[in-house]
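Results of the structural survey
These are the residues of each chain, in order.
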Amino acid sequence: LHASHSMPGSLKVLFGLEKPQDISLSKFHPLETRFTSAKMNESQLLAISGAMASTELFLIHGPPGTGKTTVLIEYILQAVRRQGLRLLVCAPSNVAVDNIVERLAPFTRGGSKSLSKAGQSASLSESNASGTSFVGDLKIVRIGHPARVQSVALNFTVEEQYRQSNGYEVVQ
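Let me begin by describing the structure that accompanies this report. A quick note: this is a predicted structure, and the numbers were derived from the prediction, not measured. (Residues numbered from 1 in each chain as written. Predicted model: local features only at pLDDT ≥ 70, side-chain atom pairs only at ≥ 80, totals over all residues. Heavy atoms only, no water.)

In a packed pair of helices, the relevant descriptors are the angle between the two axes and the axis-to-axis distance. Closest axis-to-axis distance for the helix α2 (residues 42-53)/helix α3 (residues 68-83) pair is 10 Å, and the angle between their directions is 40°. Considering the angle they form, α2 stands oblique to α3. The two elements α2 and α3 cross, and the hand of that crossing is right-handed. Residues Gln 44, Ala 47, Ile 48, Ala 51 and Met 52 of α2 lie in contact with α3, whose contacting residues are Val 71, Glu 74, Tyr 75, Gln 78, Ala 79, Arg 82 and Gln 83. Looking at the contact of α2 with α3, its residues break down into seven nonpolar, three polar and two charged. (Axes fitted to C-alpha atoms, helices over the stretch in contact; angles between N-to-C directions. Helix = DSSP H or I, 4+ residues; strand = E, 2+ residues; numbered from the N terminus. Parallel < 35°, antiparallel > 145°, perpendicular 65-115°, else oblique. Left-handed = near helix turned anticlockwise from the far one by under 90°. Contact = heavy atoms within 4.5 Å. Nonpolar A, V, L, I, M, F, W, Y, C, P; charged D, E, K, R; others polar.)

This next bit is on the environment of Tyr 75. Structurally, the position occupied by Tyr 75 is in helix α3. Taking relative accessible area as the criterion, Tyr 75 reaches 16% and is therefore assigned buried. For the pair Tyr 75 and Met 52, spaced 23 residues apart in the sequence, the C-alpha separation amounts to 7.3 Å. Setting aside its immediate chain neighbours within four residues, Tyr 75 contacts Ile 48, Ala 51, Met 52, Leu 85 and Leu 87. (Buried < 20%, exposed > 50% of the residue type's maximum accessible area, 1.4 Å probe, protein only.)

Quick look at the packing of α3 against helix α4 (residues 94-104) now. One way to put it is that α3 packs onto α4 with a least axis distance of 10 Å and a crossing angle of 55°. Taken together, the axes of α3 and α4 lie oblique to each other. Crossing of α3 over α4 shows right-handed handedness. For the pair α3 and α4, the contacting residues are Thr 69, Thr 70, Leu 72, Ile 73, Ile 76 and Leu 77 in the first and Asn 99, Ile 100, Arg 103 and Leu 104 in the second.

Right, let's get into the environment of Ala 51. Here Ala 51 shows up in helix α2. Sequence separation between Ala 51 and Ile 23 is 28 residues; the distance between their C-alpha atoms is 9.1 Å. Look past the residues within four positions of Ala 51 in its chain and what remains in contact with it is Phe 58 and Tyr 75.

Attention now moves to the pattern of salt bridges. All told, the structure shown has four salt bridges when counted by the stated rule. Between Arg 34 and Glu 74 there is a salt bridge, and its shortest N-O distance comes to 3.9 Å. Residue Arg 34 is found in the loop between α1 (9-14) and α2, and its partner Glu 74 is found in helix α3; the two are separated by 40 residues along the sequence. Residue classification places Glu 74 among the buried residues on the basis of a relative accessible area of 0%. Note that Arg 163 is salt-bridged to Glu 160, the shortest N-O span being 2.8 Å. (Salt bridge = Lys/Arg side-chain N within 4 Å of Asp/Glu carboxyl O.)

A few words now on a nonpolar patch on the surface. On the surface, Leu 11, Leu 14, Phe 15, Leu 17 and Leu 57 cluster together into a nonpolar patch covering about 490 Å² of accessible area. Tracing the chain through its elements places Leu 14 in helix α1. You can call Leu 14 exposed: its relative accessible area is 54%. (Patch = residues over 30% accessible without salt bridge, like charges linked within 9 Å, V, L, I, M, F, W, Y side chains within 5 Å. Areas by Shrake-Rupley, 256 points an atom, 1.4 Å probe, with all protein chains shown as cover.)

Bringing α4 into the picture now. All buried positions along α4 are accounted for by Val 97, Asp 98, Ile 100, Val 101 and Leu 104. For α4, the angular spread of the buried residues around the axis is 160°, confining them to a single face. Buried-residue contacts for α4 involve α3. (Arc of directions from axis to C-beta.)

Written out as structure tokens, the structure is:
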């Protein structure tokens, strides 16, 4: 049995064993619900729609300062809230991961509390463009060595979440 027989479709595409499926943007375009208040151009909205419609992989690529992180934050919120997905989000550096965590923190339970150590302020309740409110429905777990995590993301590390859990007192 060849290893590719037990591989999920997205991995087969990633490793060039299969061609990606065509996507239909009509299912998610235009976005009728927005979860961030960031201004986005048509290209950015199209990227979010494409990512939402993709069943395998979707690549967002562009030069610095073109709004890729803004698109990523909106996509993550769309995927979690509209599609009920659980995501693994990776970035090429610890700083990039911490930036994503910082931008998603207001959408977590305790949004402003989660950022309070770094002196940031965020709203516990965020509203989308249609006025629908989502209170603290996002769960973030920041994986990485705590010494390399910026202070703004420390509350989201596995170690810190364990320390704040009820189980931590039992173990001690």
